[in-house]
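Coordinate inspection notes
Residues per chain are reported as follows:
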Amino acid sequence: MARQLRLLSASDLNGTLRMQDVLQHVERAFGERGLGRSEMPAKTYLHFPQHDGVLLVMPGSLPQMEQAGVKLISVHTRNPVVHGLPTLLSTIVLISPDTGEPVCIMDGSYVTGMRTGAATGVATKLLARKDSRVLGIIGAGFEGPFQLEAVRHVLQLEKVLVNDLIAEKAKNLAALARGFGLSARACETAEEVVRSCDVLVTATPSDRPIVKDEWMHEGMHLNCVGSYAAGKQEIESAILRRAMVVVDDWEQASHAGEINVPVSNGEFDRSGVYAELPEIAAGLKPGRMDDAAITVFDTTGLAVQDVVTAWAAFRVAEERGLGTVIDALFR
Ligand SMILES: NC(=O)c1ccc[n+]([C@@H]2O[C@H](COP(=O)([O-])OP(=O)(O)OC[C@H]3O[C@@H](n4cnc5c(N)ncnc54)[C@H](O)[C@@H]3O)[C@@H](O)[C@H]2O)c1
C-alpha cells in the first residue's frame, strides 16, 4: 500500500528532538560509516550564476537502519535583499529504502543545527580531556546554541566564553548558557576566548585564520565547524601541524573543510590526519590518548548525519501528528 507523504515546516520541527538523543543517533551513524555500512556519494553542485546561486545535493543511506534521504542546500546570496529570503535554504527529502517512496519533505535548518551540534558533541566526547570545564565559542550565529547544547551534554561544563564580531550575538549566547546554570560571558577578542578555554568551537564563515597558534595551550580540543568551501579557514595551519587531527571525511575535508587551504598550498597532507571520526566512533581507533595533546576535529557535515537526525524528527512528527500529510502521491 502506498505510503503517505508528510510535509514538515521549520516551526513544525522546532523542539521535536532532544540533543541527548541526537548525540546517540549521530554517533551511531558515524559508527555505521566507520564499519563501511553507509552510502554517501560526494556532494554534487548545480550552479545558477545568473542568480548568484548554487545548489548542493547531499544523498545518504544507512542500510542497517533502513534510512535514506537527500538534503538540498541552496545558497543564493541575493536572496535577503532581492527576495526577502535567507541566503541559505535547506530541504530534506526522506526516502523509504524498501519502495523508494518519499515519506517526508522537511525544512532542513533545524536538523542541520542539531546534527552539526551533535557531531561536535560526539567528537568532543571522544577527543577532549574528560576534565575539560571551559567551553569557548567563536561565532555566535545560528549554529551557536546547538553547539553549546551538544557540548554541555558530553562534558561537565562550568564556564562558557563567547566571541562574535557582533557583540550583541555573543551576549545573547552567553545569556543562553547562563540559563543552563553555567557561568558565561561575552569576550571582546577571540584571543581571550582561546587562551582561557579547554574546548573551542569555531563557527564563523571566515576565510582567514581567526585562531592563532601562539594562543594555544596543552590539552585543548578544537572543533572547527565553519569552513564549508574551498578557501575557508578559521585556525592557523601551524596548529594543524602539531595537533592530533581528526576529520569527518577526508574527501570532503580536504576540498572544503578546515584543512582545505593548507592541503591546497602543500602545508598539510593526509599523513597529518590521525583518523576519520567514523573510525573512532566504530572503535577501530582510539580517541585521545595523551592528556597534553592538542586535538582538532574538522567537521564538514556528512549526509548520514542529516539522514539519521531527520528520520528521528520524522518519527516524532508522526507520533505527534505534526505537519501536513498528503495521501498517496503516486496514485
Ligand atoms: N560543518 C558543518 O557541518 C556546518 C553545518 C552548518 C553550518 N556550517 C558553517 O558554520 C558557519 C556558521 O554557520 P551559521 O549558520 O551559524 O552562520 P551565521 O551567519 O548564522 O553565524 C556566523 C557568525 O559568525 C560571526 N563571525 C563572522 N566572522 C567572525 C569573526 N572573524 N570572528 C568572530 N565572529 C565572526 C558572525 O557575526 C555570525 O554571528 C558557516 O560558515 C556555515 O557554513 C558548517
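1. So, the domain arrangement of the protein chain
Domain annotation of the protein chain identifies domain 1 (5-111 + 304-326) and domain 2 (124-301). Counting residues at the interface gives 15 residues for domain 1 and 19 residues for domain 2. The contact between domain 1 and domain 2 buries some 1400 Å² in all, and 66% of this surface belongs to carbon and sulfur atoms. When the area that domain 1 buries against domain 2 is broken down by residue, the three leading residues are Met 19, Glu 27 and Phe 30, summing to 34%. Between Arg 33 and Asp 249 there is a salt bridge, with the nearest N and O atoms lying 3.3 Å from each other. For the interface between domain 1 and domain 2, the tally reads three residue pairs in polar contact (both at pLDDT 80 or more). Elements supplying a minimum of two residues to the side of domain 1 that touches domain 2: helix 2 (19-34) and helix 4 (109-127). Its residues assigned to classes, the side of domain 1 that touches domain 2 comprises seven nonpolar, five polar and three charged.

2. Quick notes on a nonpolar patch on the surface
On the surface, Ile 326, Leu 329 and Phe 330 cluster together into a nonpolar patch covering about 300 Å² of accessible area. By the secondary structure assignment, Ile 326 is in strand 15 (residues 324-326).

3. Digging into the site of the ligand
Close contacts around the ligand come from 24 residues, with Arg 115, Glu 143, Asp 164, Gly 226 and Thr 299 the closest. The backbone of Gly 226 places a nitrogen or oxygen atom 2.8 Å from an oxygen atom of the ligand. In this structure, Thr 300 approaches the ligand through a main-chain N or O atom, which is 3.5 Å from an oxygen atom. The protein chains hide 79% of the 860 Å² of surface that the ligand would expose on its own. Looking at which element gives the most residues to the shell around the ligand, the answer is helix 4, with three residues.

4. Considerations on the pattern of salt bridges
Tallying each qualifying case throughout the model produces 20 salt bridges. A salt bridge links Lys 285 to Glu 279; its shortest N-O distance comes to 3.9 Å. In this structure Lys 285 comes out as partly exposed when scored by relative accessible area, which is 30%. Taking relative accessible area as the criterion, Glu 279 reaches 23% and is therefore assigned partly exposed. Among the ionic contacts, a cluster of salt bridges with common partners joins Arg 3, Asp 98 and Glu 101.

5. What about the sheet that holds strand 12 (residues 244-247)?
Read from one edge of the open sheet, eight strands run 9-8-7-10-11-14-12-13, paired in parallel fashion. The outermost strands of the open sheet, each flanked by one partner alone, are strand 9 (183-186) and strand 13 (273-276). Going from strand to strand, the sheet's axes swing by 15 degrees on average, the running direction of each strand aside. As judged from the four bridges shared by strand 7 (residues 134-138) and strand 10 (residues 199-202), these two strands associate in the parallel manner. The partner of Ile 138 across the bridge, within strand 10, is Thr 202. Contacts from helix 5 (residues 144-154) reach strand 7, strand 8 (159-163) and strand 10 within the one sheet, and its direction differs from that of strand 7 by about 165 degrees. The sheet contacts of helix 6 (residues 167-179) involve strand 7, strand 8 and strand 9, and relative to strand 9 the element is tilted by about 175 degrees.

The rules we used
Residues numbered from 1 in each chain as written. Predicted model: local features only at pLDDT ≥ 70, side-chain atom pairs only at ≥ 80, totals over all residues. Heavy atoms only, no water. Domains from an automatic or database assignment. Contact = heavy atoms within 4.5 Å. Buried area = accessible area lost by both parts, 1.4 Å probe. Salt bridge = Lys/Arg side-chain N within 4 Å of Asp/Glu carboxyl O. Polar contact = N/O pair within 3.5 Å; in protein donor to acceptor, adjacent residues only side chain to side chain. Helix = DSSP H or I, 4+ residues; strand = E, 2+ residues; numbered from the N terminus. Nonpolar A, V, L, I, M, F, W, Y, C, P; charged D, E, K, R; others polar. Patch = residues over 30% accessible without salt bridge, like charges linked within 9 Å, V, L, I, M, F, W, Y side chains within 5 Å. Areas by Shrake-Rupley, 256 points an atom, 1.4 Å probe, with all protein chains shown as cover. Near = heavy atom within 4 Å. Buried < 20%, exposed > 50% of the residue type's maximum accessible area, 1.4 Å probe, protein only. Pairing = 2+ DSSP bridges. Axes fitted to C-alpha atoms, helices over the stretch in contact; angles between N-to-C directions.

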